[in-house]
Amino acid sequence: MDKEQVANIGFEIVAYSGDARTKLLLALKDAKAGKFDEVDALVEEAKGLLNDAHKSQFDLLSREAKGESAELGFIMVHAQDHLMTTMLLADIINTLLDIYRTR
């Protein structure tokens, strides 16, 4: 894979994980307001977006595992960082949502 192909996968990961991050932060805002129906819908959307990001990441990993070399650039490094921080944010927000639900 050339650098442009890898960069495109990186852009997908950034877009999916960025959208998931937005949904998670909106879910937390709605939880503060007691709007738990909206919270559940947003969390489900975020999960779907994170799954899409993982699919893009897995595509790159599986292609490399099959012997295709991947020329990594800063975009892919950024994408991996973005995905990891969004996954951590999801864990934290889910804990906070549990706290809001028990109030």
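Residues numbered from 1 in each chain as written. Predicted model: local features only at pLDDT ≥ 70, side-chain atom pairs only at ≥ 80, totals over all residues. Heavy atoms only, no water.

**Section: the overall build of the protein**
A count of helices and strands for the protein gives three helices and zero strands. Secondary structure elements of the protein occur, N-terminal to C-terminal, as α-α-α. With the principal axes as the frame, the protein shows a C-alpha extent of 50 × 20 × 15 Å. With 103 residues in all, the protein has 35% of them scored as buried. (Helix = DSSP H or I, 4+ residues; strand = E, 2+ residues; numbered from the N terminus. Buried < 20%, exposed > 50% of the residue type's maximum accessible area, 1.4 Å probe, protein only.)

**Quick word on the UniProt feature "active site" (unreviewed entry) in the protein**
UniProt records the feature "active site" (unreviewed entry) for H78 in the present numbering. Judged by its relative accessible area of 37%, H78 is partly exposed. (UniProt positions renumbered as here; feature names shortened; annotations may be inferred.)

**Focus on a nonpolar patch on the surface**
A surface patch of nonpolar side chains, amounting to about 340 Å² of accessible area, comprises L88, I92, L96 and I99. Note on L96: relative accessible area 32%, which makes it partly exposed. (Patch = residues over 30% accessible without salt bridge, like charges linked within 9 Å, V, L, I, M, F, W, Y side chains within 5 Å. Areas by Shrake-Rupley, 256 points an atom, 1.4 Å probe, with all protein chains shown as cover. Salt bridge = Lys/Arg side-chain N within 4 Å of Asp/Glu carboxyl O.)

**Re the pattern of salt bridges**
Per the stated rule, a full pass over the model turns up six salt bridges. Between E45 and K23 there is a salt bridge, with its nearest N and O atoms 2.9 Å apart. Taken together, the residues E45 in helix α2 (residues 36–65) and K23 in helix α1 (residues 3–32) connect sequence positions 22 residues apart. We classify E45 as partly exposed; its relative accessible area is 38%. Classification of K23 by relative accessible area gives partly exposed; the value is 24%.

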